[in-house]
Amino acid sequence: MIIFLEKKDKLDIVIGFVTGVIFAIGLGFGGMFRRSKIIGFLALGNDWDPSLMFLLGFAVGLNMLTFYIIQNKIKKPLLAAKLQIPANKTVDFRLIFGSALFGLGWGLGGLCPGPGMSLLPIFSIEVSIVWLGCLAIG
Amino acid sequence: MVGNLDIVGFGIAGYLTGAGTKLSNGCTSGHGVCGLPRFAIRSWVSVGTFLLVAIGLATLKYHEPFLDAT
């Protein structure tokens, strides 16, 4: 199927694959694949584990720097025609309601979409069929 | 055990996570890792909401277990 695509689309697939692999490696090292790790961070109790706070903190802190440099100094991406930045600024009910649902699912299952899909190679019925299937339905 | 969940729980969790991601246009990566550093107001509201709700539910489940695999 890939041979019917334009050259540019092929390049997009390669770039998407490479960035996806880098993202997954980062998630793995950060411990985001281990549901117990996530729940341990979300559940406040005797064995609360705050380490994921540093993961998110570093991710956000580092991106503040790189996004600032990219948006204000470089302005043009290396591998695409232009930056695609969402301009929507309105906080509506849909956003809050959706976020609340997401929080319920995340707090219950301990998996958000990225790590959930990255777990596909380590096949398990719970995650790879039930969780992922319901994710797609949702 | 931390993070114990039965198959029904996985189904509910997956569905809620998926629907929530679609409705709020983003997840932990989209809103959290990309939105927060851009100081996008929608992302800050979203991350604050889902983090609070997730901590609330996970804490509740930790102290009063439900949907646990036997």
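Residues numbered from 1 in each chain as written. Chains lettered and ligands numbered in written order. Predicted model: local features only at pLDDT ≥ 70, side-chain atom pairs only at ≥ 80, totals over all residues. Heavy atoms only, no water.

Looking at the packing of helix H3 (residues 51-74) of chain A against helix H2 (residues 28-35) of chain B
No. 1: As a packed pair, H3 of chain A and H2 of chain B sit with axes 8 Å apart at the nearest point and diverge in direction by 55°. Considering their axes alone, H3 of chain A and H2 of chain B lie oblique with respect to each other. Contacts between H3 of chain A and H2 of chain B pair Leu-56, Ala-59, Val-60, Asn-63 and Phe-67 of chain A from the former with Gly-32, Val-33 and Cys-34 of chain B from the latter.
No. 2: Looking at the contact of H3 of chain A with H2 of chain B residue by residue, the class counts come to six nonpolar, two polar and no charged. (Axes fitted to C-alpha atoms, helices over the stretch in contact; angles between N-to-C directions. Helix = DSSP H or I, 4+ residues; strand = E, 2+ residues; numbered from the N terminus. Parallel < 35°, antiparallel > 145°, perpendicular 65-115°, else oblique. Contact = heavy atoms within 4.5 Å. Nonpolar A, V, L, I, M, F, W, Y, C, P; charged D, E, K, R; others polar.)

Points about the pattern of salt bridges
Residues and elements named next belong to chain A.
No. 1: With the rule as written, the count across this model stands at one salt bridge over all chains.
No. 2: A salt bridge links Lys-37 to Asp-49; the nearest nitrogen and oxygen atoms lie 3.2 Å apart. Placement of the pair is Lys-37 in helix H2 (residues 35-42) and Asp-49 in the loop between H2 and H3, with a sequence separation of 12 residues.
No. 3: On the basis of relative accessible area, Lys-37 is assigned to the buried category, the value being 18%. (Salt bridge = Lys/Arg side-chain N within 4 Å of Asp/Glu carboxyl O. Buried < 20%, exposed > 50% of the residue type's maximum accessible area, 1.4 Å probe, protein only.)

Things to note about the interface of chain B and chain A
No. 1: The partner chain A presents 54 residues to the 50 residues of chain B that form the contact.
No. 2: Approximately 4600 Å² of surface area, both sides summed, lies buried where chain B meets chain A, with 76% of it carried by carbon and sulfur atoms.
No. 3: In terms of surface lost to chain A, no three residues of chain B exceed Phe-10, Leu-23 and Arg-42 of chain B, which account for 15% of the buried area on that side.
No. 4: Summed over the shared surface of chain B and chain A, the number is zero salt bridges.
No. 5: Here chain B is connected to chain A by four residue pairs in polar contact (both at pLDDT 80 or more).
No. 6: Secondary-structure elements contributing two or more residues to the side of chain B that touches chain A are helix H1 (7-24), H2 and helix H3 (41-63) of chain B.
No. 7: Considering every element that reaches the side of chain B that touches chain A, the biggest residue donor is H1 of chain B, with 17 residues. (Buried area = accessible area lost by both parts, 1.4 Å probe. Polar contact = N/O pair within 3.5 Å; in protein donor to acceptor, adjacent residues only side chain to side chain.)

A look at the confidence of the model for chain A
No. 1: Confidence in the prediction for chain A averages 76 pLDDT; 84% of positions are at 70 or higher.
No. 2: Within chain A, helix H6 (residues 125-137) of chain A has the poorest average pLDDT of any element, 70, and H3 of chain A the best, 82. (pLDDT = per-residue confidence, 0-100.)

Structural notes on the nonpolar core
The nonpolar side chains of soluble globular proteins are, as a tendency, buried together.
No. 1: In terms of nonpolar packing, the biggest core is built from 18 residues, with Met-32, Ile-38, Leu-42, Phe-102 and Trp-106 of chain A touching the most fellow members.
No. 2: Taken together, the elements giving at least two residues each to this core come down to H2, H3 and helix H4 (93-109) of chain A together with H3 of chain B.
No. 3: Each of domain 1 (1-82) and domain 2 (86-138) of chain A accounts for three or more of the residues forming this core.
No. 4: Once residues lying within four places of it in the same chain are set aside, the contact partners of Ile-38 of chain A are Met-32, Leu-52, Trp-106 and Gly-110 of chain A.
No. 5: Leu-108 and Leu-132 of chain A together with Ala-13 and Leu-57 of chain B belong to the second-largest nonpolar core, a separate cluster that totals 11 residues. (Core = buried A, V, L, I, M, F, W, Y, C linked by side-chain atoms within 4.5 Å. Domains from an automatic or database assignment.)

A few points about the side chain of Ser-29 of chain B
No. 1: When you line up the elements, Ser-29 of chain B lands in helix H2.
No. 2: In this structure Ser-29 of chain B comes out as buried when scored by relative accessible area, which is 17%.
No. 3: Not counting residues up to four positions away in its chain, the partners in contact with Ser-29 of chain B are Phe-23 of chain A together with Cys-34 of chain B.

Digging into H3 of chain A
No. 1: When the terminal C-alpha atoms of H3 of chain A are compared, their 33 Å separation across 24 residues agrees well with the 34 Å that a helix rising 1.5 Å per residue should span.
No. 2: Buried residues of H3 of chain A: Leu-52, Val-60, Asn-63 and Phe-67 of chain A, and no others. (Expected span 1.5 Å × (residues − 1).)

A closer look at the packing of aromatic side chains
No. 1: For the structure shown, the criterion picks out three aromatic pairs over all chains.
No. 2: For the pair Phe-102 of chain A and Trp-106 of chain A, a centre-to-centre distance of 6.2 Å together with 35° between the ring planes defines the contact as tilted. One end of the pair, Phe-102 of chain A, and the other, Trp-106 of chain A, are both in helix H4, four residues apart, so they sit about a helical turn from each other.
No. 3: Connected via pairs of aromatic rings, a cluster forms that spans Phe-102 and Trp-106 of chain A together with Phe-50 of chain B. (Phe/Tyr/Trp six-rings, centres within 6.5 Å; stacked < 30°, edge-to-face > 60°.)

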